[in-house]
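What follows is the residue order along each chain.
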Amino acid sequence: MRSLPNIVITGTPGTGKSSHCDTLASELPDMKVFSINQVAKDRDCFDGYDEERKSHIVDEEKLIDAIEPDLEKGGLIIDWHVCDIFPEDLVDLVIVLRADTEKIYDRLQKRNYAETKLQENLDAEIMEVVLSDARESYAEEVVIELPSNTIDDIDSNVSRIVSWKEQWVADNK
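Looking at an unreviewed UniProt entry, the protein chain carries the name Adenylate kinase isoenzyme 6 homolog, with the source organism given as Yarrowia lipolytica. The record in UniProt for the protein chain states the following under Sequence similarities (unreviewed entry): "Belongs to the adenylate kinase family. AK6 subfamily." Turning to the protein chain, the UniProt annotation filed under Subunit (unreviewed entry) states: "Interacts with small ribosomal subunit protein uS11. Not a structural component of 43S pre-ribosomes, but transiently interacts with them by binding to uS11."

See below:
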């Protein structure tokens, strides 16, 4: 029995996952942020490099094997654009961040995304790919869709997540 929940913060690139996780890290010091891109690098879970997208390819099976002991302990805030690979029984909340495509475009353009990668991510947001994956992979009550267009959205969302975590801890004593 875990004493702390595992929370996945997910969404299309540019929806504010890292901003949310950075703020959550300061609000929930008893929990640890797992930025999956960094964890995959630290634990050697890459399976090549995609030249077209200019990004590493994560070996998802190796990644899950590498982090499962951490998931079993609990207390993780997982930051990644993919959510459906994590074991359902070890995930307590999935936050799917959504943003207006104009916001995503501006954010990804500032990161110097190639036009094809930028368009691919905008299409994914329009088609609700991450939200659909989350809803197909986890129980309805575990998946929460939140807006992420402004600083006020981040503050409101973080407050909701902190309250949810406190209630989870109280309910699971």
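## Some words on the sheet that holds strand β7 (residues 143–147)
Spatial strand order, β2-β5-β1-β6-β7: 5 strands in an open sheet with parallel pairing. A single partner strand is all that each edge strand has here, and the edge strands are β2 (32–35) and β7. Ignoring which end each strand starts from, the neighbouring axes of this sheet average 20 degrees apart. Taken together, the 5 bridges between strand β1 (residues 7–11) and strand β6 (residues 93–98) define a ladder with parallel strand orientation.

## Thoughts on unusual backbone geometry
Glycine aside, a negative phi is what most residues show, and trans is what most peptide bonds show. Residues other than glycine seldom take positive phi values, yet Asp-44 does so here, at roughly 55 degrees. Note that Asp-44 resides in the loop between α2 (36–42) and β3 (46–50). Phi angles above zero are rare outside glycine, and Glu-128 is one such case at about 60 degrees. In this fold, Glu-128 is placed in the loop between α5 (115–126) and α6 (129–137). The exposure class of Glu-128 is partly exposed, given its relative accessible area of 35%.

## Examining the side chain of Arg-98
Mapping Arg-98 onto the fold places it in strand β6. Classification of Arg-98 as buried rests on a relative accessible area of 15%. A distance of 2.9 Å separates a polar atom in the side chain of Arg-98 from a polar atom in the side chain of Glu-145. Those residues in contact with Arg-98 that lie beyond four places of it in its chain are Thr-15, Glu-125, Glu-128, Leu-131, Glu-145, Leu-146, Pro-147 and Ser-148.

Cut-offs and rules
Residues numbered from 1 in each chain as written. Predicted model: local features only at pLDDT ≥ 70, side-chain atom pairs only at ≥ 80, totals over all residues. Heavy atoms only, no water. UniProt positions renumbered as here; feature names shortened; annotations may be inferred. Pairing = 2+ DSSP bridges. Helix = DSSP H or I, 4+ residues; strand = E, 2+ residues; numbered from the N terminus. Axes fitted to C-alpha atoms, helices over the stretch in contact; angles between N-to-C directions. Buried < 20%, exposed > 50% of the residue type's maximum accessible area, 1.4 Å probe, protein only. Polar contact = N/O pair within 3.5 Å; in protein donor to acceptor, adjacent residues only side chain to side chain. Contact = heavy atoms within 4.5 Å.

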